[in-house]
Amino acid sequence: MKAISEFYPLLNQPKNVVITTHQKPDGDAMGSSLALYHFLIQFGHNVTVISPTNWANFLQWMPDVNKVIDFEAHQHKAQTLTEHADIIFCLDFNVLHRTKHFAKIIEQAKAERILIDHHEQPQVEAFAYGISNIYKSSTCEMVYDFIIDSENADKLNLNIAQCLYTGVMTDTGSFRFPITSASVHKMVAHLKELGLQHTVIHENIYDNFLENRLRFTGFVLLHRMDVLYEYNAALMSISKQDLLKFNIKTGDTEGLVNYLLTIEGIKFAAIVIDRDEERKWSFRSKGNFDVNTFARKHFEGGGHFNAAGGRSSDTLEKTTAKFYEVIKEYQQQLQ
Ligand code: 5GP
Ligand code: MN
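Keep in mind that what you see is a predicted model, and the values were worked out from it rather than measured.

Draft legend 1. Local environment of the overall build of the chain. Helix and strand counts for the chain come out as 13 helices and 13 strands. Relative to the compact-globule value of 20 Å for 335 residues, the chain shows a C-alpha radius of gyration of 20 Å, a close match. Seen through its C-alpha atoms, the chain measures out along the principal axes to roughly 60 × 40 × 40 Å. Going through the 335 residues of the chain one by one, you find that 53% of them count as buried. Excluding contacts between residues fewer than 6 apart, the proportion of contacts in the chain whose partners are at least 24 apart in sequence is 67%. Roughly 15,300 Å² of accessible area belongs to the chain as shown, and the carbon and sulfur atoms make up 50% of that amount.

Draft legend 2. Molecular detail of the pattern of salt bridges. One pass over the full model with this rule turns up 12 salt bridges. For E72, the salt bridge goes to K100, with nearest N and O atoms at 3.4 Å. Residue E72 is found in the loop between β4 (69-70) and α2 (75-83), and its partner K100 is found in the loop between β5 (87-91) and α3 (103-108); the two are separated by 28 residues along the sequence. Judged by its relative accessible area of 21%, K100 is partly exposed. The residue E211 makes a salt bridge to R215 at a minimum N-O spacing of 2.6 Å. Residue E211 and its partner R215 are both found in helix α8 (residues 211-223); the two are separated by four residues, about one turn of the helix. Side by side, E211 and R215 carry an identical accessibility label, which is exposed.

Draft legend 3. Seen up close, the coordination of the manganese ion (ligand 2). Coordination of the manganese ion (ligand 2) by the protein involves D28 (OD), D92 (OD), H118 (NE2) and D171 (OD), with metal-donor separations of 2.2 to 2.4 Å. The sequence motif formed by the donor residues of the manganese ion (ligand 2) is D-x63-D-x25-H-x52-D. Separated by 26 residues along the polypeptide, D92 in the loop between β5 and α3 and H118 in the loop between β6 (112-117) and β7 (129-132) bring together distant segments of the chain. Judged by its relative accessible area of 1%, D92 is buried.

Draft legend 4. Representation of the packing of helix α5 (residues 158-171) against helix α7 (residues 198-206) within the structure. The interhelical angle for the contact between α5 and α7, taken along N-to-C directions, is 60 degrees, at an axis separation of 10 Å. Considered as vectors, α5 and α7 are oriented oblique to each other. With respect to the hand of their crossing, α5 and α7 are arranged in right-handed fashion. Contacts between α5 and α7 involve Q162, Y165, T166, M169 and T170 on the former and, on the latter, H198, I201, H202, I205 and Y206. Among the residues forming the contact of α5 with α7, the class breakdown is five nonpolar, five polar and no charged.

Draft legend 5. Inspection of the site of ligand 1 at higher detail. With respect to spatial proximity, 13 residues lie near ligand 1, and among them R98, H119, K280, S282 and R284 are the closest. Note that a nitrogen atom of ligand 1 is positioned 2.9 Å from one of the side-chain N or O atoms of K280. H304 is positioned with one of its side-chain polar atoms (N or O) 3.1 Å from an oxygen atom of ligand 1. Considering ligand 1 on its own, with 500 Å² of exposed area, one finds that the protein chains cover 84% of that surface.

Draft legend 6. Representation of the side chain of T166 in the model. Tracing the backbone through its elements, the reader meets T166 in helix α5. At 2.8 Å, the side chain of T166 forms a polar contact with the backbone oxygen of Q162. The contact partners of T166, leaving out residues within four places of it in the chain, are G27, L59, W61, M62, I201 and I205.

Draft legend 7. A look at the nonpolar core. Counting 50 residues, the largest nonpolar core has I19, L36, F39, L40, F89, F146 and L164 as the members making the most contacts within it. Residues contacting I19, with those up to four places away along its chain left out, are S33, L36, Y37, L40, V47, T48, V49, I50, F89 and L91. Judged by nonpolar contacts, the second largest core, of 21 residues, contains L228, V272, V291 and F294.

Calculation rules
Residues numbered from 1 in each chain as written. Chains lettered and ligands numbered in written order. Predicted model: local features only at pLDDT ≥ 70, side-chain atom pairs only at ≥ 80, totals over all residues. Heavy atoms only, no water. Helix = DSSP H or I, 4+ residues; strand = E, 2+ residues; numbered from the N terminus. Rg over C-alpha atoms; globule rule 2.2 N^0.38 Å. Buried < 20%, exposed > 50% of the residue type's maximum accessible area, 1.4 Å probe, protein only. Contact = heavy atoms within 4.5 Å. Areas by Shrake-Rupley, 256 points an atom, 1.4 Å probe, with all protein chains shown as cover. Salt bridge = Lys/Arg side-chain N within 4 Å of Asp/Glu carboxyl O. Donors = N, O, S within 2.8 Å, 3.2 Å for Na, K, Ca; no water. Axes fitted to C-alpha atoms, helices over the stretch in contact; angles between N-to-C directions. Parallel < 35°, antiparallel > 145°, perpendicular 65-115°, else oblique. Left-handed = near helix turned anticlockwise from the far one by under 90°. Nonpolar A, V, L, I, M, F, W, Y, C, P; charged D, E, K, R; others polar. Near = heavy atom within 4 Å. Polar contact = N/O pair within 3.5 Å; in protein donor to acceptor, adjacent residues only side chain to side chain. Core = buried A, V, L, I, M, F, W, Y, C linked by side-chain atoms within 4.5 Å.

See below:
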C-alpha cells in the first residue's frame, strides 16, 4: 500500500470513482463517504457511493444520501458501476469481507483501491494507496485531513462540513471518548467557521426515533440484561422475536450497548442480536480491556481497542453460552 499522499497529484484527472464503506453503515461510514463524494465531484470526477446494505433512518437527512446505491437492493447497477470504476475508495473498514456480499465484486474489479480507515490490523495488501491510523477519532477526521493535506481547503463546503461532523460526533460518543484529541476540536472549529449548525445534526441523529424504539429499549433493559459483577461485565442477548415485537429496524439498536457501561463499576459490555443471516455482537469497554482482541479471538470480529464487533453462525443460545464460557478466562483482567 503506497502512502495516500502519492495519490494527491491524481486528484485532478477526472475518473470513474466508487466510494464504499462497511455493511450497515453508521454515522462515520456514511458521513465520510458522503463528505468525500461532495469533495470529489468538485474535480469533475464521476462519483457514486455504494453501500453494501441498507442504513439507518437517522442518516436519511444527509446531503445527497438519496444518491447512495444500496448494493443489496440494486445489485446489477452497483456491479456495473464497480466494474467500470478506475478507483474504489474504501472508507471506515479495512478488510474486504466487511462489505459482505459486495466484497467479491470489489475484489474482482480492475480499479485501484484506496483505503482511508482507523480500525486495527488493516489488510494492506488489498489496497494500492491508503492511510490507516488507529489514533484518529473517526474516518471523517481522516477525510478532513485528506482534503487539507492535499491543499484543497478551499473546496470544503457546508455539505462536507455536515457530513464530517456527523461521523466525528458519533464515533467519539459526542466528543467524550479518550480518542477525542485537540485535532478533533480544531477541525470542528473550522467546520463551525464554514457555517455548520451542530445542534441540528445532534437532533437529526439522536432525537429522530419512533416511539417503539424507546419502548424496545425499556423492554430489553428490563428483561434482557444480565450484569456479571464478578467480571465487571454486562451482557444483553436479543432475539428475533424481540425485534419483531417492537418492529425494530436497521439502526434502532445502535448505541444500546453503551447503556450497559453506565452501571457503576462495569468495564466490559456485550450485546448480541439475532439478525437474519447471523448473530451480530457488539463489544465496548472502558480503560484497559481490549475488546478488539476479544472479538477477534472468540467471535470472528475486530474493530478498536474499546469498541469492536463480531459475528457468529451459531444460534443465539449457543453463541450466548459461548460468551459465558470464554469470559471466565478474563476474570483477573477485568478485576
Ligand atoms: P458496532 O458494535 O458499532 O457494530 O462496531 C464497533 C466497531 O467495531 C466499529 O468501528 C465497527 O466498524 C467495528 N466492527 C463491527 N463489527 C466488526 C467485525 O465483524 N469485524 C471487524 N473487523 N470490525 C467490526
Ligand atoms: Mn469509524
